[in-house]
Amino acid sequence: MQRSSSPSGIRIQGDTAVRAQAVSSNAAAVGADNVAKTATGTVRGNVKIQGNTRIDARSNEVNAVAAGKGNKADNSVGAIGGR
């Protein structure tokens, strides 16, 4: 994996298959400036993928909770790339 200089962010060369399943994924943010995220089977950020890539991601009852000022929570299952 290399960071992509492409202005569109994500460059994929080759075959890429993403198979994702999320059963119970929850996110909650409480308070000021909090972020709670869940992600299953994602490609994000400035990423360059070369060759054949397969992502098999499964999540079951994954939760992200942030409580209080300035707290963050993030669950990433089968993720490639930055935030």
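The model shown is predicted, which means the values in this text are computed figures rather than measured ones. (Residues numbered from 1 in each chain as written. Predicted model: local features only at pLDDT ≥ 70, side-chain atom pairs only at ≥ 80, totals over all residues. Heavy atoms only, no water.)

1. With respect to the side chain of Ser 59
Here comes step 1: Mapped onto the fold, Ser 59 is located in strand E7 (residues 53-59).
Here comes step 2: A polar contact is formed between the side chain of Ser 59 and the side chain of Thr 40, at a distance of 3.2 Å.
Here comes step 3: Setting aside chain neighbours within four positions, we find Ser 59 in contact with Gln 21, Ala 22, Val 23, Ser 25, Thr 40 and Val 77. (Helix = DSSP H or I, 4+ residues; strand = E, 2+ residues; numbered from the N terminus. Polar contact = N/O pair within 3.5 Å; in protein donor to acceptor, adjacent residues only side chain to side chain. Contact = heavy atoms within 4.5 Å.)

2. Notes on the pattern of salt bridges
Side chains carrying opposite charge are able to pair once their charged atoms draw close together.
Here comes step 1: Under the defined criterion, the tally for this structure stands at two salt bridges.
Here comes step 2: For Asp 56, the salt bridge is made with Arg 19, and the minimal N-O distance between the two is 3.0 Å. One end of the pair, Asp 56, is in strand E7; the other, Arg 19, is in strand E3 (residues 16-22), with 37 residues separating them in the sequence.
Here comes step 3: The residue Arg 54 makes a salt bridge to Asp 56 at a minimum N-O spacing of 2.9 Å.
Here comes step 4: Residue Asp 56 is classed as partly exposed on the basis of its relative accessible area of 38%.
Here comes step 5: Ionic contacts of the salt-bridge type, sharing partners, join the residues Arg 19, Arg 54 and Asp 56 into one network. (Salt bridge = Lys/Arg side-chain N within 4 Å of Asp/Glu carboxyl O. Buried < 20%, exposed > 50% of the residue type's maximum accessible area, 1.4 Å probe, protein only.)

Any functional reading would require information beyond the geometric quantities listed.
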